Amino acid sequence: MPMIETDNLWRTYTMGQEKVHALRSVSMTIEKGEYVAIMGPSGSGKSTMMNLIGCLDTPTQGEYWLNDQRVRQLNDNQLANIRNREIGFVFQTFNLLPRATALHNVELPLIYNGTPKAEREDMAKAALAKVDLADRMLHRPSELSGGQRQRVAIARALVNNPSILLADEPTGNLDSKTSKEIMRFFDDLHHQGNTIITVTHEPDIARHAHRVLSILDGRIASDERVPESERNGIH
Amino acid sequence: MVVFGSIFRIAGAALWANKLRSGLTFVGIVFGVTSVMTIITALEGATGAIEKQLDTLGPSTFMVAKLMSAFSEEEFLEKIKRKPVSIRDAEIVEEDCHLCEKVSPRAHGGARVKYGDKYIRNVDITAGTANIVDIVDFEVAQGRFHSTEDDLYKRRVVLIGDDLREEFFEGVNPLGKVIKIGPEKYTVIGVAERRGEMFGESQDGFAIIPLSAFIRQFGEPRRRGINMLIKARSVELLPEAMDEVRVIMRTIRKVPYDEPDDFDMETADSILEMLNNFTRMFRLVMVGISTISLVIGGIVVMNIMMVSVTERTREIGIRKSIGAKQKHILLQFLFESVMLTLSGGVVGIILGFLIAQALAGQIDMDIEPSMLAISAGLTVSTGIGLIFGIYPAMKAARMDPIKALSYE
Ligand SMILES: Nc1ncnc2c1ncn2[C@@H]1O[C@H](COP(=O)(O)OP(=O)(O)OP(=O)(O)O)[C@@H](O)[C@H]1O
Ligand SMILES: [Mg+2]
């Protein structure tokens, strides 16, 4: 059974009289353990797609099954639970709480599932150590570099051991050196069995994945496996 | 539970992060609650003191006098022209009233009291028959009250209030000592239990003598007249006893059937009621003003919370995107508004009590923290936080995660 399955998915924004079809009839499946890159020009609907997969948004039409659950039928609490436990979302713009320390930011998902304080702190510290930020735990986002913020965001996405990691242009704001560090980290995660879906503009980054979905004007234009010989990173 | 504790801390941290804004709102609530508490506590305290005083009269006792209350100057001028109530009236009532257990005529006067070379001016001289002690709840600390015999033989004996004992007999046994009331000599036979102060006036600067001795010295009070304390046979019979006394009094004083009474008749309860009627208007106005100030405080809280929710739209989006439920967000903002109003309420209650106490101190009255005022203050301030905080909190809880995240 596929982990993610969409059938004829539409997402239409209504702007006054005008209708913008950000996604048009997207049908696809992603299996557990896959590493998928989504590519496409700006405005083609990549973020829209990620938001739907991440249960942050609801489709205008069509169906989406996540782990065999029909997402349309889930209520607000169930969606919150999925966002909390099953999905780790790394946003293009980090989306960290500006006033909170790195540690508190990473703790956040654990707060909402009722993890006791001591355990929560241990888990958050471990996640920060994994992204090499053990010595920056008490820094606020404004006291961290772009790459460090991105890593805090990744630690937060991973702290709950989600089965799916969704990353929307995780290296969009980073220099090539930091980008490489982050991508190496993703490679490791994939190695450990996580399902990863990442959005990117850069072919170089996309070649870390095993499969590339190209989106054009809201439709899937191509769906190709990356031959092993062309892959980047350690595999 | 862990979740709620954490959310509580998050709410506290957010208030702390916006110190100035939270502080101003807090001060607003403190002002509102302080004014309400001052008024409630002061009113409660004053009424309580008077009630305590009236409680010394039993529930089956009533009073008859020429003039006991007047609500206007005309009424007062009308009543002051009445014929005084005389000792003779009291004697007839005592004889004819079957539903009355005891009738005790009393007279009041003021005189200079002297012992050795010490003296006190204008001491309240209360004169009564021996049975007054059965009606008024007097505690004798030392010695005794005058007897029927003392009254019969017009003996010059006196029971003194504690102020007199303190002034004249500090460290000495007052019993058997002779003091002078005006020019006449009286033997001290008893000392009353200390009664303390009310509205800044000592309740212990009095002397009680037999009514017969009073008349022998001062004559029957011609203008003020005497008053009667009457105890009905039982509480149930009080209304009938009052009716009976009314009929007897009207007959003695030859009041035509179509004229109103030419005397006042009150129970302790009716005196209390008069008092309450008097303070009710005052209370209503004050409660009105306080309600307005609290509603304004509530609107300020709501406004601040709306600003806060709008300002923190992205934060709400972030929290929802990583798994916060609607109830978590709702609670976070409700905690914030209730923390603001409740802490303002607690400070307001304390300040209000201190101010009421300071005011009461001006007139030497002692007030206690009123449970009613405290619980009203806590309920009202929590209520304001909930009522005016729920709309902003719901607005926050219902935000769409994606829209909130992309809010600029
Ligand atoms: N809230 C919205 N209201 C109206 N239109 C929207 C909204 N969000 C996205 N769109 C439109 O939907 C289309 C797809 O947007 P989306 O953000 O998915 O693009 P993208 O592929 O992620 O682009 P980029 O690479 O620039 O991030 C765009 O044309 C965009 O203008
Ligand atoms: Mg995008």
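Residues numbered from 1 in each chain as written. Chains lettered and ligands numbered in written order. Predicted model: local features only at pLDDT ≥ 70, side-chain atom pairs only at ≥ 80, totals over all residues. Heavy atoms only, no water.

Thoughts on the overall build of chain A
Next, step 1: The number of helices and strands found in chain A is seven helices and ten strands.
Next, step 2: Taken over C-alpha atoms, the radius of gyration comes to 18 Å for chain A, in line with the 18 Å a tight globule of 235 residues would show.
Next, step 3: Referenced to the eigenvectors of the C-alpha coordinate spread, the extents of chain A come out at roughly 45 × 45 × 40 Å.
Next, step 4: For chain A, buried positions account for 54% of its 235 residues. (Helix = DSSP H or I, 4+ residues; strand = E, 2+ residues; numbered from the N terminus. Rg over C-alpha atoms; globule rule 2.2 N^0.38 Å. Buried < 20%, exposed > 50% of the residue type's maximum accessible area, 1.4 Å probe, protein only.)

A closer look at the pattern of salt bridges
Residue and element names in this part refer to chain B.
Next, step 1: Tallied over the entire structure, the rule returns 34 salt bridges over all chains.
Next, step 2: In this structure, E149 engages R155 in a salt bridge whose closest nitrogen and oxygen atoms are separated by 3.9 Å.
Next, step 3: We classify R155 as partly exposed; its relative accessible area is 33%.
Next, step 4: The closest approach of N and O atoms between R312 and E315, which form a salt bridge, is 3.1 Å. In this structure, R312 and E315 share a single accessibility class: buried.
Next, step 5: Taken together, the shared-partner salt bridges connect D162, D163, R165, R194 and D204 into one network. (Salt bridge = Lys/Arg side-chain N within 4 Å of Asp/Glu carboxyl O.)

What about the pairing of strand β10 (residues 206-210) of chain B?
Residue and element names in this part refer to chain B.
Next, step 1: Most of β10 sits out of view: five of its five residues are buried.
Next, step 2: Relative to β10, strand β3 (residues 118-128) runs parallel, the two being bridged by five bridges. Each residue of the ladder has a partner; that of G128, found in β10, is P210.
Next, step 3: Where strand β5 (residues 157-160) and β10 come together, two bridges link them in antiparallel fashion. Each bridged residue has a counterpart across the sheet, and for L159 the counterpart in β10 is I208. (Pairing = 2+ DSSP bridges.)

Points about helix α4 (residues 87-96) of chain B
Next, step 1: The complete set of buried residues in α4(B) reads B:I87, B:D89, B:A90, B:I92 and B:V93.
Next, step 2: Where α4(B) is buried, its residues meet β2 (100-115), α8 (211-218), β11 (227-232) and α9 (238-252) of chain B. (Contact = heavy atoms within 4.5 Å.)

Comments concerning the nonpolar core
Buried together is how nonpolar side chains tend to be arranged in soluble globular proteins.
Next, step 1: Counting residues in each nonpolar core, the largest one holds 64 residues, and the members touching the most others are A:I4, A:L66 and A:I197.
Next, step 2: Not counting residues within four places of it along the chain, the set of residues in contact with A:L66 comprises A:M3, A:I4, A:C55, A:V71, A:I82, A:E86, A:I87 and A:I164.
Next, step 3: If you look at the next biggest cluster of nonpolar residues, it comprises 44 residues, including B:A111, B:I179, B:V188 and B:I230. (Core = buried A, V, L, I, M, F, W, Y, C linked by side-chain atoms within 4.5 Å.)

Concerning the domain arrangement of chain B
Next, step 1: Along its sequence, chain B is organised into domain 1 (2-52 + 274-405) and domain 2 (83-262).
Next, step 2: The C-alpha-based centres of domain 1 of chain B and domain 2 of chain B are spaced at 52 Å. (Domains from an automatic or database assignment.)

Details of the site of ligand 1
Residue and element names in this part refer to chain A.
Next, step 1: Neighbouring ligand 1 are 13 residues; S42, G43, K46, S47 and T48 lie closest to it.
Next, step 2: In this structure, G43 approaches ligand 1 through a main-chain N or O atom, which is 2.8 Å from an oxygen atom.
Next, step 3: Taking S47, its side chain carries an N or O atom lying 2.8 Å from an oxygen atom of ligand 1.
Next, step 4: In isolation ligand 1 offers 630 Å² of accessible surface; the protein chains occlude 63% of this area.
Next, step 5: When contributions to the shell around ligand 1 are tallied by element, the ones reaching two or more residues are β1 (4-15) and α1 (46-53). (Near = heavy atom within 4 Å. Polar contact = N/O pair within 3.5 Å; in protein donor to acceptor, adjacent residues only side chain to side chain. Areas by Shrake-Rupley, 256 points an atom, 1.4 Å probe, with all protein chains shown as cover.)

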